[in-house]
Amino acid sequence: ARLYATTVTSLLAEPMPAATDIARVLFRKDGIETPRVRLATQRFMERCRAVRELERLLNLPGVPDERPTYRFGALAGKPDAIRQGNRVAEDERRRLDLGREPIRDPLALLEAQGVLIGELDGLEDEDRIDGLFFELEGVGACVGVNPRKDDFTGFRMAFTAAHECAHWLLRDVTIEQFTFEDRRGDELHEVRANTFAAAFLMPEAGLRSYFESAGLLVAGAICHLDRADIVRAMDHFGVSRTALLWRLQNCRLLVEEQAAALRADEYSISQAARALGITFRRVERVRGRLPALAVEAWRRGLVATGRAAELYGVPIEDFRQYMGILGESQDADGTPLLGAAATR
């Protein structure tokens, strides 16, 4: 492990699982199994495979997996998990040259590291899953997020994706379902992943600088925080109210009693945002690279129109209309892809 600059765990790890292995683990007895979740997972897996298929068709190199190697011993307890999560978040921000500034598009940033990110579509409000992560043989790391679990801001999806990417970075989980209410939340690798997500999206130095510049930080702690302050901070850092308040408490910028009282305060975030003139940039669809690749393959005549529309995520007539609006047309001398990929 020392010779190859890796961890013992990585050296002895099993190969990336196949699709059947992923389904077996995701839908084990204590998992979150419903027919909709199964179908959404299968669709997401197929879209991830389609990205790699289109990359090969277009002779694209794809985004390389350039995750660094983090070497830690076995987790000794919750404080150790928190320490490691904070450290990896700081190291990743340094590696990606993010400084202490907010991440304006965390989903795109994470996908640029070689992780395929997309939405789990077709789910309903009662489906408890927030996201899932797996590394699939021939495809690589994939993170699916449930947009139905989000509010109008889109911030919960960003936290979910950051949580799952902690597992990718640390190589501690190869297949996972994630939900904020999961009873496994106290497991040490989950504590570490949650800590990473919070620290990655809200670096402590950035929090202190922001609240100090707003005149709210006195003697190293926030002296006053009202609804307007919270909504402004949500907009600045791109995080939910719950994530923000927990992070402020864990950084000791708020005492536990203050944070608990602010979490219990019931009001409409959307109404508060409108009163402040804030418009959250809601991510309506987490689409990743697949639509752009589908259009390019269709333009070159490598896939049929029906297949391109399917990969784009719209009915075929809508796809034709969109391509007309965008001024795209299919090369007449292209060779359509044969087989199942050319259907519909």
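Up top is the structure these notes are about.
Everything in this summary refers to the structure shown in the same document. Here the structure is a predicted model, which is why all the values come from computation and not from measurement.

## Re the pairing of strand S3 (residues 140–145)
Look at any regular strand and the pattern is simple: side chains alternate between the two faces of the sheet.
Argument step 1. Burial within S3 is extensive, with 6 of its 6 residues counted as buried.
Argument step 2. Judged from the 6 bridges that link them, strand S2 (residues 131–136) and S3 form a sheet pairing that is antiparallel. Looking at S3, one finds that Leu136 is bridged to Gly140.
Argument step 3. Turn length for the S2-S3 hairpin, with the two strands adjacent in sequence and antiparallel, is 3 residues, and the turn residue Gly138 shows positive phi of about 80°.

## Quick notes on the side chain of Thr305
Argument step 1. Following the sequence through the fold, Thr305 ends up in helix H14 (residues 305–312).
Argument step 2. Under the relative-accessibility criterion, Thr305 is labelled buried at 17%.
Argument step 3. Within the structure, Thr305 has its side chain in polar contact with the side chain of Trp298 (distance 3.0 Å).
Argument step 4. If we ignore the near neighbours within four places in the chain, the residues touching Thr305 are Trp298, Ile316, Phe319, Arg320 and Gln330.

## Section: H14
Argument step 1. Counted residue by residue, H14 has 7 buried out of 8 residues, so it is predominantly covered.
Argument step 2. Buried within H14 are the following residues: Thr305, Gly306, Arg307, Ala308, Ala309, Leu311 and Tyr312.
Argument step 3. Where the residues of H14 are buried, they touch helix H3 (35–57), helix H13 (290–299) and helix H15 (316–326).
Argument step 4. Count one or two residues on from H14 and you reach Gly313, which has phi positive near 95°.

## Overview of a nonpolar patch on the surface
Argument step 1. A cluster of nonpolar residues, Tyr322, Ile325 and Leu326, forms a patch on the protein surface that exposes about 320 Å² of accessible area.
Argument step 2. Relative to the assigned elements, Tyr322 resides in helix H15.
Argument step 3. Using a relative accessible area of 31% as the deciding quantity, one classes Tyr322 as partly exposed.

## A closer look at the nonpolar core
Within soluble globular proteins, side chains that are nonpolar tend to cluster in buried spots.
Argument step 1. Core analysis: the largest hydrophobic core is formed by 59 residues, its most contacted members being Met202, Leu207, Phe211, Ile222, Leu225, Leu244 and Leu248.
Argument step 2. Among the elements that take part in this core, helix H6 (residues 155–170) stands out by supplying 10 residues, more than any other.
Argument step 3. Membership of the second largest hydrophobic core comes to 33 residues, among which are Met45, Val51, Leu58 and Trp298.

What counts as what
- Residues numbered from 1 in each chain as written.
- Predicted model: local features only at pLDDT ≥ 70, side-chain atom pairs only at ≥ 80, totals over all residues.
- Heavy atoms only, no water.
- Buried < 20%, exposed > 50% of the residue type's maximum accessible area, 1.4 Å probe, protein only.
- Helix = DSSP H or I, 4+ residues; strand = E, 2+ residues; numbered from the N terminus.
- Pairing = 2+ DSSP bridges.
- Polar contact = N/O pair within 3.5 Å; in protein donor to acceptor, adjacent residues only side chain to side chain.
- Contact = heavy atoms within 4.5 Å.
- Patch = residues over 30% accessible without salt bridge, like charges linked within 9 Å, V, L, I, M, F, W, Y side chains within 5 Å.
- Areas by Shrake-Rupley, 256 points an atom, 1.4 Å probe, with all protein chains shown as cover.
- Salt bridge = Lys/Arg side-chain N within 4 Å of Asp/Glu carboxyl O.
- Core = buried A, V, L, I, M, F, W, Y, C linked by side-chain atoms within 4.5 Å.

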